[in-house]
Amino acid sequence: MRGLRMMLLTLVAVLAGCAGSQDPTLPQAWLKPGTRVTLPAPTLAQPFSQQQLLTAEVKGQQHSMLVLLNADGQRLQLVGMSPLGIRLFNLTYDRQGIHTEQLIKVGELPPASQVLADIMLSYWPLADWQPLLPAGWRLEDQPQVRRLYDDRGAIISEIRYQQGDGRREPQSIAQSAFHYRITIQNLGSE
């Protein structure tokens, strides 16, 4: 009986240790098929708010959506709408994780989580991304372009920028692994 009790106590201790050492599920996104990355924290030193018209070119077709983007320093909120103002999705990324409500799926537009990853890759500092990238991957930044390279040196994402109102604003995102291109037209910012 005493041996059984010791074995049960040992089993409980091992299970408790395993449960205590597991990390909570962290928000992740795909960089390319088979390769995921944990997203940087949703906090930013310089909060911003923008309205953008995104035009995605996927499989030879073009699709547009309006995006309301608000990064208040603590959370990132993203609302996607059709050009007629019909809500497609609501997304909030905060310290509790990513909360998505996909209302309507339109054609071949990238899913809300992929739009979030592209936005964060465009705006978040390199220092936030570098420690999260898979081994051998690198993110390089120049004034007019930011490129994400995989572990074989192939360009996975290329983000082109323009200067506007004293800020560097993304103008286009070419995602070679998932074969889409997004053109960004800034409609206004706060």
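The notes below deal with the structure included here. (Residues numbered from 1 in each chain as written. Predicted model: local features only at pLDDT ≥ 70, side-chain atom pairs only at ≥ 80, totals over all residues. Heavy atoms only, no water.)

1. Side note on unusual backbone geometry
Peptide bonds are mostly trans, and most non-glycine residues show a negative phi.
Line of reasoning, step 1. The phi angle at lysine 59 is positive, at roughly 50°, despite the residue not being glycine.
Line of reasoning, step 2. The residue lysine 59 is located in the loop between β3 (48-58) and β4 (61-71) in this model.
Line of reasoning, step 3. Even without a glycine there, the phi angle at histidine 179 is positive, about 60°.
Line of reasoning, step 4. Relative to the helices and strands, histidine 179 is located in the loop between β11 (167-175) and β12 (180-189).
Line of reasoning, step 5. For histidine 179, a relative accessible area of 61% corresponds to the exposed category. (Helix = DSSP H or I, 4+ residues; strand = E, 2+ residues; numbered from the N terminus. Buried < 20%, exposed > 50% of the residue type's maximum accessible area, 1.4 Å probe, protein only.)

2. Quick word on the side chain of serine 157
Line of reasoning, step 1. Here serine 157 is to be found in strand β10 (residues 155-164).
Line of reasoning, step 2. Ignoring any residue separated from it by four or fewer positions in sequence, one finds serine 157 in contact with Leu121, Arg146, Arg147, Leu148, Ala174 and Gln175. (Contact = heavy atoms within 4.5 Å.)

3. A word on the nonpolar core
Line of reasoning, step 1. Grouped together as the largest cluster of nonpolar side chains are 40 residues, with contacts concentrated most on Leu78 and Trp129.
Line of reasoning, step 2. Among the secondary structure elements, those contributing two or more residues to this core are β1 (28-32), β3, β4, β5 (76-81), β6 (87-94), α2 (112-123), β10 and β12.
Line of reasoning, step 3. Considering each element in turn, this core owes the most residues, seven residues, to α2.
Line of reasoning, step 4. Discounting residues that sit within four places of it in the chain, leucine 78 has contacts with Val67, Leu68, Leu69, Phe89, Asn90, Leu91, Val115, Leu116 and Ile119. (Core = buried A, V, L, I, M, F, W, Y, C linked by side-chain atoms within 4.5 Å.)

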